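Structural overview
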Amino acid sequence: MQTYPLYLNGQFVPSEPAWNVTNPADGEVFARISTVNRARVAQAIADAHAAFAGWRQLTAKARGEFLRRIASELENRREEVARLISRENGKPLAQSLAEVAISVDHLTWFAEEGRRAYGRIIPPQAEGKRNLVLKTPIGVVGAISPWNFPLMLSVRKVAPALAAGCPVVLKPARQAPLSCIAFAECAHAAGLPKGVLQVVCGPSGEIGEEFLGNPLCRKVTFTGSTEVGRILIRQAADTIKPLSLELGGNAPLLVFDDADLDLAVEGAMLAKMRNTGQSCIAANRLFVHRPVYDRFLAAFVARVKALKVGEYSEPGVEIGPLIDRAALDHALALAQDAVQRGARLLCGGHRVERKGFFFEPTVLADVPADALCRRGEIFAPMAPVVTFDTEAEAVQMANDTVHGLSAYAFTRDIGRMFRLGENLEAGMIGLNDGLPTTSNAPFGGVKQSGWGRELASEGLDAFLETKHLSVRC
Ligand code: NAP
């Protein structure tokens, strides 16, 4: 069985202990990943700091060339990297190929955007003074990413940081670290200077503490659960370390009686079922206007029942396994809880009788407000559906959560679209759109879904300091 090395200061280094990586489609260990302790992470940060001086001095154009070369290496290995993502994460191959394609797009987009880290010149208020604003790279970045889009969510941090002139020490999730090693191979093949990108794995608590405590690490960017985000905020207090936090969601999806119902059903399928429901922006609660409730449910349930569940390489498969046994148990418990509280189970609700951690695509109707699946993240292909009578009631229910990452609404009424855009408490709102993510628009949440934004110009700015130069001349 292959043991993957880590990528440390320009070299691929095997180290012990190695941890198992499991294929969620059969529960079998198929590879191992090297790990390091906290002292070695401190060394990686020191090496990154040593690389910072040279990297920041390159022109943004030259840094962009490196990003483009990495993108091209990744593109050339797309099939192989996609298979690796599918094996470590379980997602259907077509979705892994899409993840690689989006990662390539993030790299090429930030290769250009790095050239637009503009400062500005401000008309002075005092005679004989000039006021200038400079944008400078923040320094070494500690990046922590999750397993659900293991490559894409890592690239979403690495690409803008590198474009801004910052070296990165990346820590992927223990369940799915291998595609990040493949990404490091692409960076290495692209000739990236040593220390500019490093990949570490190991005890996450220790690595997080080192990122937050080490004065040479100037910024921590994290994607993961709100629970861990809270831990990082507490740890950042001592060093006042800047944090970007992309945390959990509990997205509402609203369908109004004036919507194109076919579009709404397709949008709901995409927003709910993509990545087997294991997405931070997954529609977690579906609210449907009473006049179209029964028609929507009939069409939606028919589509959900037709979903093909299977192992990533099976032709036409749309739903893979959940990431591990705990995720499967969580989904089963949520379905049982909803039914016990009076919800109607329209399809699914059980595990699929085969090896691995497969859960049946599930629709629950009339789910009461106190059901656990309406209160927190489901992270499974399970859709709780509820009806509403007025726009105000829909918005009130949609906002009744501590999270605020994404929201969706389907309507043909342009006035309502603007009202919803203003009133829904979410960082991203898809209007007649079940997948609002794109390299050139900001991604992130309000309320307990996080701090800051990734992607777009905001994603670059997250790795830049703003300096005022006051010049008397
Ligand atoms: P998680 O348990 O919070 O883990 C995320 C990452 O944090 C992993 O690399 C994990 O490492 C690490 N980690 C865990 N405990 C840590 C600690 N004490 N200090 C430092 N790092 C620590 O989340 P997950 O289960 O992987 O991912 C699912 C969650 O991420 C969901 O809540 C989802 O909504 C959220 N998410 C948010 C976004 C967004 O953009 N807002 C995107 C995707 C996912 P180990 O795995 O090695 O322990």
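Remember, predicted model here, so these are calculated numbers, not experimental data. The residue count restarts for each chain, going from 1 along the sequence in the order it is written. Thresholds applied to this predicted model are a pLDDT of at least 70 for local features of residues and 80 or more for the giving and counting of side-chain atom pairs; totals over whole chains, interfaces and linings are not thresholded and use all residues. Water and hydrogen atoms were dropped before computing side-chain values, which therefore reflect all heavy atoms in the structure.

What about the sheet that holds strand β20 (residues 428-431)?
Ordered in space as β15-β16-β17-β14-β13-β19-β20, the 7 strands form an open sheet in which the pairing is mixed. Strands with a single pairing partner mark the edges of an open sheet, and in this sheet they are β15 (344-347) and β20. With strand direction ignored, the average angle separating the axes of adjacent strands in the sheet is 20°. A pair of strands is treated as paired once DSSP finds two or more bridges between them. A run of H or I in DSSP becomes a helix once it reaches four residues, and a run of E becomes a strand once it reaches two; helices and strands are each numbered from the N terminus. Where helices are involved, their axes are fitted lines through C-alpha atoms of the stretch in contact, as for all axes, and angles between N-to-C directions lie from 0 to 180°.

A few points about the pairing of β20
For every residue, the accessible area obtained with a 1.4 Å probe (protein chains only) is divided by the maximum for its type, and the residue is called buried under 20%, exposed over 50%, and partly exposed between those limits. Burial along β20 is one-sided: the face carrying Met 428 and Gly 430 is buried and the face carrying Ile 429 and Leu 431 is not. We call a crossover right-handed when, viewed with both strands directed away from the observer, the connection leading from the first strand over the helix to the second proceeds clockwise. In the classification by handedness, the crossover that spans strand β19 (residues 406-410), the intervening helix α14 (residues 414-423) and the parallel β20 is right-handed.

Considering unusual backbone geometry
Cis geometry marks the peptide bond from Glu 16 to Pro 17, where omega comes out at -5°. Although it is not a glycine, Asn 432 sits at a positive phi angle of roughly 60°. Structurally, the position occupied by Asn 432 is in the loop between β20 and β21 (446-447). The exposure class assigned to Asn 432 is partly exposed, which follows from its relative accessible area of 26%. In this structure, Ala 456 takes a positive phi of about 60° despite not being glycine. The exposure class assigned to Ala 456 is buried, which follows from its relative accessible area of 3%.

Quick notes on the site of the ligand
Taken together, 29 residues form the shell around the ligand, and within it Ser 145, Ser 225, Leu 247, Cys 280 and Glu 377 come nearest. N or O atoms within 3.5 Å of each other form a polar contact, as long as, within protein, one can give a hydrogen and the other can take it, and as long as residues adjacent in sequence are counted only when both atoms are side-chain atoms. The backbone of Arg 174 places a nitrogen or oxygen atom 3.2 Å from an oxygen atom of the ligand. The contact in question runs from an oxygen atom of the ligand to an N or O atom on the side chain of Glu 377, over 2.3 Å. Note on areas: Shrake-Rupley with a 1.4 Å probe; residue coverage comes only from the protein chains shown. Relative to its unbound accessible area of 900 Å², the ligand is 87% covered by the protein chains. Detection works on a 1 Å grid of protein atoms alone, calling trapped sets that fit a 1.4 Å probe cavities and calling open sets with protein on both sides within 12 Å along at least five of seven lines pockets, with lining residues defined by an atom within 4 Å of a point. Throughout, a molecule is located in a cavity or pocket provided that more than half of its atoms lie within 2 Å of its grid points. More than half of the atoms belonging to the ligand lie within 2 Å of the grid points that define the largest pocket. Those elements giving two or more residues to the shell around the ligand turn out to be α7 (204-213), β11 (217-223) and α8 (226-239). Put simply, a residue is near a molecule or strand once any heavy atom of it comes within 4 Å of that molecule or strand.

Quick notes on helix α13 (residues 391-398)
For α13, the set of buried residues is Glu 391, Ala 394, Val 395, Met 397 and Ala 398. End-on, the buried residues of α13 take up no more than an arc of 165°, which puts them together on one face. In α13, the exposed positions that point more than 90 degrees away from the buried face belong to Ala 392 and Gln 396. Its buried side turned inward, α13 meets β13 (251-255), β14 (283-289), α12 (372-375), β17 (382-388) and α14. Note that the arc is computed from the directions linking the helix axis to the C-beta atoms. By definition in these notes, contact holds between two residues if any of their heavy atoms fall within 4.5 Å.

Looking at the nonpolar core
By size, the foremost hydrophobic cluster in this structure holds 116 residues, and its most contacted members are Phe 296 and Phe 300. Looking at this core, the element that brings in the most residues is helix α6 (residues 178-189), giving 8 residues. The set of buried Ala, Val, Leu, Ile, Met, Phe, Trp, Tyr and Cys residues whose side-chain atoms join them within 4.5 Å is what this entry labels a nonpolar core. Leu 254, Phe 256, Ala 327 and Ala 338 belong to the second-largest nonpolar core, a separate cluster that totals 35 residues.

Observations regarding the pattern of salt bridges
Basic side-chain nitrogens of Lys or Arg form a salt bridge, by our definition, when they fall within 4 Å of a carboxyl oxygen of Asp or Glu. In this structure the tally under the stated criterion is 24 salt bridges. Taking the shortest distance from any N to any O, the salt bridge between Arg 77 and Glu 80 comes out at 2.8 Å. On the basis of relative accessible area, Glu 80 is assigned to the partly exposed category, the value being 44%. In this structure, the salt-bridge partner of Asp 258 is Arg 416, at a minimum N-O distance of 2.9 Å. Note that Asp 258 is positioned in the loop between β13 and α9 (261-273) and Arg 416 in helix α14, a separation of 158 residues in sequence.

Some details on the state of the cysteines
What counts as a disulfide here is a pair of cysteine sulfur atoms lying within 2.5 Å. On inspection of all chains with the given rule, the structure shows 0 disulfides. Counting only cysteine sulfurs, Cys 217 is the nearest neighbor of Cys 166, a cysteine outside any disulfide, at a range of 10 Å. This cysteine, Cys 180, is not joined by any disulfide, and Cys 201 carries the nearest cysteine sulfur, 7.8 Å off. With relative accessibility at 0%, the residue Cys 180 sits in the buried group.

What about the sheet that holds strand β4 (residues 18-23)?
Overall, mixed pairing links the 3 strands, which are arranged β1-β5-β4 in an open sheet. Sheet topology places β1 (3-4) and β4 at the edges, where each strand pairs with a single neighbour. Across the sheet, helix α3 (residues 78-89) is in contact with β1, β4 and β5 (28-34); its angle to β4 comes to roughly 90°. Taken strand by strand, α6 contacts β1, β4 and β5, and its axis lies near 45° from that of β5.

What about the packing of aromatic side chains?
Any pair of Phe, Tyr and Trp rings, taking the six-membered ring for Trp, is counted once the centres come within 6.5 Å. Such a pair is stacked with planes under 30 degrees apart, edge-to-face with planes over 60 apart, and tilted for the rest. Evaluated as defined, the whole model comprises 6 aromatic pairs. Centre to centre, the rings of Trp 109 and Phe 110 are 5.1 Å apart; their planes meet at 85°, and the pair counts as edge-to-face. A relative accessible area of 0% places Phe 110 in the buried class. When the centroid spacing of 5.4 Å and the interplanar angle of 20° are considered together, the rings of Phe 296 and Phe 300 count as stacked. Within this pair, Phe 296 and its partner Phe 300 are both found in helix α10 (residues 293-305), separated by 4 residues, close to a single helical turn. The same class applies to Phe 296 as to Phe 300, namely buried. One residue, Arg 354, lies across the ring of Phe 358, its end atom 4.5 Å from the ring centre. Definition used: whenever NZ (Lys) or CZ (Arg) falls within 6 Å of the ring centre and also within 35 degrees of the ring normal, the charge is taken to sit over that ring.

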